[in-house]
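# A closer look at the structure
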Amino acid sequence: TRGTNKIESVSPLGIAGLLLLCLLGSAKNIAALDSSGLDFKRTPIRAVDFMLENNTPLPLMNTFDDGGYLLYRYNTSKQDTIVTVPIDGRTNINDPDIVSLFLSALRGAGNWRDYIEKTKPGSILWKSGTALSSLLLLDADWCQVYPERGAGADQWSVFVRREFLQAHPSEFSSVDCAPPVPEENAAEQKNTTGKNE
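Here is a short report on the structure shown in this document. (Residues numbered from 1 in each chain as written. Predicted model: local features only at pLDDT ≥ 70, side-chain atom pairs only at ≥ 80, totals over all residues. Heavy atoms only, no water.)

### Description of the overall build of the chain
The following threshold applies: Helix and strand definitions follow DSSP, with helices as H or I runs of at least four residues and strands as E runs of at least two, each counted in order from the N terminus. Summary of the burial criterion: residues with accessible area below 20% of their type's maximum are buried, those above 50% are exposed, and those between are partly exposed, where the area comes from a 1.4 Å probe applied to protein chains only. For this analysis, residues touch if any pair of their heavy atoms sits within 4.5 Å. Each accessible area value is a Shrake-Rupley result obtained with a 1.4 Å probe; residue values ignore everything except the protein chains displayed when judging cover.
Secondary structure assignment for the chain yields 9 helices and 4 strands. What you see in the chain, going N to C, is helices and strands ordered as α-α-α-β-α-α-α-β-α-β-β-α-α. Residues counted as buried form 35% of the 197 residues belonging to the chain. Of the contacts formed within the chain by residues at least 6 apart in sequence, a portion of 52% connects residues at least 24 apart. Total accessible area on the chain stands at roughly 12,500 Å², and carbon and sulfur atoms take up 55% of it.

### Notes on the nonpolar core
Note the cut-off: For this analysis, a nonpolar core means a set of buried residues of the types Ala, Val, Leu, Ile, Met, Phe, Trp, Tyr and Cys, connected via side-chain atoms within 4.5 Å.
In this structure, Y74, L125 and V145 are the most contacted members of the largest nonpolar core, which totals 24 residues. Elements that contribute at least two residues to this core include exactly helix 3 (45–53), helix 4 (67–77), strand 3 (142–147), strand 4 (156–161) and helix 8 (162–167). The greatest single-element share of this core, amounting to 6 residues, is contributed by helix 3. For Y74, the residues in contact, after removing those within four places along its chain, are V48, M51, L52, T56, L58, L60 and V83.

### Let's talk about the packing of aromatic side chains
Cut-off, in case you're wondering: For Phe, Tyr and Trp, where Trp contributes only its six-membered ring, two rings pair if their centres lie within 6.5 Å, and the inter-plane angle classes them as stacked under 30 degrees, edge-to-face over 60, or tilted in between.
Going through the model one piece at a time under the given rule, you end up with 5 aromatic pairs. The interplanar angle of 40 degrees and the centroid separation of 6.3 Å between the aromatic rings of Y69 and Y72 together place this pair among those described as tilted. Taken together, the residues span about one helical turn, with Y69 and Y72 both in helix 4 at a distance of 3 residues. Consider the rings of F102 and Y115, whose centres lie 6.0 Å apart with planes at 65 degrees: the pair is edge-to-face. Of this pair, F102 sits in helix 5 (residues 96–107) while Y115 sits in helix 6 (residues 113–119), and the two are 13 residues apart along the sequence. Among the aromatic residues, those joined into a ring-pair cluster are F102, Y115 and W126.

### Description of the pattern of salt bridges
Our working definition: Within this document, salt bridges are pairs made up of a side-chain nitrogen of Lys or Arg and a carboxyl oxygen of Asp or Glu, the two lying within 4 Å of each other.
A complete count under the given rule lists 3 salt bridges for this structure. Between R73 and D49 there is a salt bridge, with its nearest N and O atoms 2.6 Å apart. Taken together, the residues span a long stretch of sequence, with R73 in helix 4 and D49 in helix 3 at a distance of 24 residues. Salt-bridge contacts for R113 lead to D139; the nearest nitrogen and oxygen are separated by 2.8 Å.

### With respect to the pairing of strand 2 (residues 123–127)
For the record, the criterion: Two strands pair if DSSP finds at least two bridges between them.
Of all 5 residues in strand 2, 4 are buried, a share of seventy percent or more. Of the pairings in the sheet, the one linking strand 1 (residues 60–61) to strand 2 comprises 2 bridges and is parallel in character. Directly across from M61, in strand 2, lies its bridge partner I124. Direction of pairing for strand 2 relative to strand 4: antiparallel, over a ladder of 5 bridges. Bridge pairing in strand 4 links K127 to W156.

### Details of the environment of D114
Looking at where D114 falls in the secondary structure, it is placed in helix 6. Under the relative-accessibility criterion, D114 is labelled partly exposed at 35%. Residues D114 and S100, 14 residues apart in the sequence, show an inter-C-alpha distance of 9.9 Å.

### Describing the sheet that holds strand 1
Under the convention used in this document: Helix axes are fitted only over the stretch in contact, all axes being lines through C-alpha atoms; the angle between N-to-C directions runs from 0 to 180 degrees.
Read from one edge to the other, the open sheet built from 4 strands follows the order 1-2-4-3, with strand pairing classed as mixed. Sheet topology places strand 1 and strand 3 at the edges, where each strand pairs with a single neighbour. Sitting on the sheet, helix 7 (residues 131–138) touches strand 1, strand 2, strand 3 and strand 4, and the angle it makes with strand 2 is about 135 degrees.

Just geometry here; none of it tells us what the structure is for.
Structure follows, in structure tokens:
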């Protein structure tokens, strides 16, 4: 009865305000969902759509969180082969060595390339704004073919090997993947540019 008395003491305007807040909160969460009910902020829906539409090369390299979704999307869309991922959310089956290499790559540790060497990916799906994404943007072997647009850290990038991009230029015509300028050449270019001005 105490709870009933408290509810009865709230004014109709207060109840209407609470209902409005609940509806607005629900609408915001619903707007983040795609038609399957998955949240665009937590699931790389658009990035994987891009990968499938553009046939980015296999094998895949991914994070722990995205492995299950990749398995689902690739294995329901490609009937001819079973696509696997190096790591996924099933903690009881992941190879401990792969988990260790993944964690090094996630942190951008000195041995970050070991995860790439072990998994030998054709495409990498990774969160934008992370240490590994920043390292891949600077790496001469990789090109970012899909940067997810939007604000916040919950965005994904897709990287493919530079040699694949050079072999398939028409498929990724809008991607500019010029090799990074080595530091010694960058300083030399700056001096040359300064002299010409």
